[in-house]
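Okay, here's what each chain looks like letter by letter:
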Amino acid sequence: MTEKLFSLANSIWPRTGGNRANSALSTITGPSKGKVIKKITLPFDGNSLNSLIRGVVVSEDGTLRTICNGSLSALTIEGEILWSVPLAPFNIIEDDFEDDEDIEDQDIEDNDDEDEDDEDDEDDDDLEDDRDFEDKHVSKIFRDNIDEDEFDDRYIYHSIPVALSNNRTLVVLRNAILIFDDKGEIFCQISIGELSPDDSGLSPNITYTGELILTSTQGSAYLFGNDYVRDLGVFGYDIRPVAMFEDNTFLITGYAELGICRVQLDGKILWDTGLKDADLIPVINSRQFSALGSFNEEFSAIYSPRGELYGRYSRPAIFSEYLNGEWIAFSESHVARLQANGKVVWEQEIEAIGLLLRHQPIVDVNGNIYLLDNEFLMAFNSEGKRFLKLKVGNESGPLSFLKDGLIGYISGDKLILME
């Protein structure tokens, strides 16, 4: 039987969102002391300007895979660095930047062609600005953090890793999919040309049958198998990673076009919800209900497995699954525990502006909630009482469960371990 290239690791936390459903609900306990036990300085590749995408996942053998400052590294749970690989050398394929002026001219011509096809002239300027950023492979989440004058060809995009079976690690770059073996050597490299992968920094998703689903800033989704790639269609633009249902269909947010859809692996749409402008990552719980928020619509929606509107929450939020079919909703101003239908159990006021496109709250097996706002890592119990608060600064990546009682995250150039 042919080995699957894209087989998700059976580990505590193999990708952002924790699992294929993006549920961010763990089967282990989280920290209780709020004590930082170790700070490990991570390697810097010396080349990349991409310092805002950072994160940590767990491989099958319990070792960690981090991405920070353009380098992919493997570490033990005790913090020993096993190997590190700079990603910049893999990011330029087939003289991608042989003639910068020609490329910039071509980008302008391409954008002009697309503008001619756009029916809404008032939106053309906004779309043009978006394409300028996307042509530099910079996500919208960076716009408030990096001056456009600082952009140059050394700026590379990479995803947060996905831990695969056999202790391999997958990373998506702007024009390549890379799989590294357990020693940090290239196991597989797949050129993706002008596909323009999602640049949110989140981990891409893996199907239950061992394919990679890659979404695009330009709105397409693609299915990669061992020896094929399938175009699943155009859904909108700035498409975040999908969430997988247990039957191997997926939920996708087709922003500004098809909206929220449940899709088969052949591209057939099973249902859509009519909510066209959902722009936050989709989450599916163990009962196969889904939840996601929309800044444009200024609310969040909960859907049944058949795509029926089951509940609403009055704020645009990023979700995590809570116990017994409930939800945790994380908005710009509040963290809330919701009943299955969106009714508020409790809310706590916080400030999370600027982080929503990247950072879900994560939930442990006891129903404790851990999250990052602009300055602090906080934890709340099932009743909404805060029991941890730790200052972390505003350059921190998403939280990950690493083992019982231990959370990891990357702040600046350091991996932080907290119990």
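Residues numbered from 1 in each chain as written. Predicted model: local features only at pLDDT ≥ 70, side-chain atom pairs only at ≥ 80, totals over all residues. Heavy atoms only, no water.

(A) Structural context of the overall build of the protein. Of the regular secondary structure elements, the protein holds three helices and 32 strands. For the protein, with 419 residues in total, the buried portion stands at 59%. For the protein, contacts bridging at least 24 residues in sequence account for 51% of all contacts bridging at least 6. When the accessible surface of the protein is summed, it comes to about 17,000 Å², and 42% of that surface belongs to carbon and sulfur atoms. (Helix = DSSP H or I, 4+ residues; strand = E, 2+ residues; numbered from the N terminus. Buried < 20%, exposed > 50% of the residue type's maximum accessible area, 1.4 Å probe, protein only. Contact = heavy atoms within 4.5 Å. Areas by Shrake-Rupley, 256 points an atom, 1.4 Å probe, with all protein chains shown as cover.)

(B) The pairing of strand 24 (residues 334–338), seen in detail. For strand 24, the buried fraction is high: five of the five residues fall into the buried class. Of the two faces of strand 24, the one carrying His334, Ala336 and Leu338 and the one carrying Val335 and Arg337 are both buried. With four bridges joining them, strand 23 (residues 327–330) and strand 24 adopt antiparallel strand pairing. In the strand pairing of strand 24, Ile328 is matched with Arg337. Connecting strand 23 to the next strand, strand 24, in antiparallel fashion are three residues. With five bridges connecting them, strand 24 and strand 25 (residues 344–349) associate as antiparallel partners. Bridging from a neighbouring strand, Ala336 pairs with Glu347 of strand 25. A loop of five residues connects strand 24 with strand 25, the two strands running antiparallel in sequence, and Gly342 in this loop sits at a positive phi of about 95°. (Pairing = 2+ DSSP bridges.)

(C) Summary view of the sheet that holds strand 5 (residues 81–86). Overall, antiparallel pairing links the four strands, which are arranged 2-3-4-5 in an open sheet. Either end of the sheet is taken by a strand with one partner, and the two such strands are strand 2 (55–58) and strand 5. Here the strands of the sheet are splayed against their neighbours by 20° on average, with no regard to which way each runs. Across four bridges, the pairing between strand 2 and strand 3 (residues 64–68) is antiparallel. For Val57, the partnering residue across the bridge sits in strand 3 and is Arg65. (Axes fitted to C-alpha atoms, helices over the stretch in contact; angles between N-to-C directions.)

(D) Main features of the sheet that holds strand 27 (residues 369–372). Read across the open sheet, the four strands follow the order 26-27-28-29; overall the sheet is antiparallel. In this open sheet, the two strands that pair with only one neighbour each are strand 26 (362–363) and strand 29 (386–391). By the bridge criterion, five bridges tie strand 28 (residues 376–380) to strand 29 in an arrangement that is antiparallel. From the neighbouring strand, Phe380 faces strand 29, where its bridge partner is Arg386.

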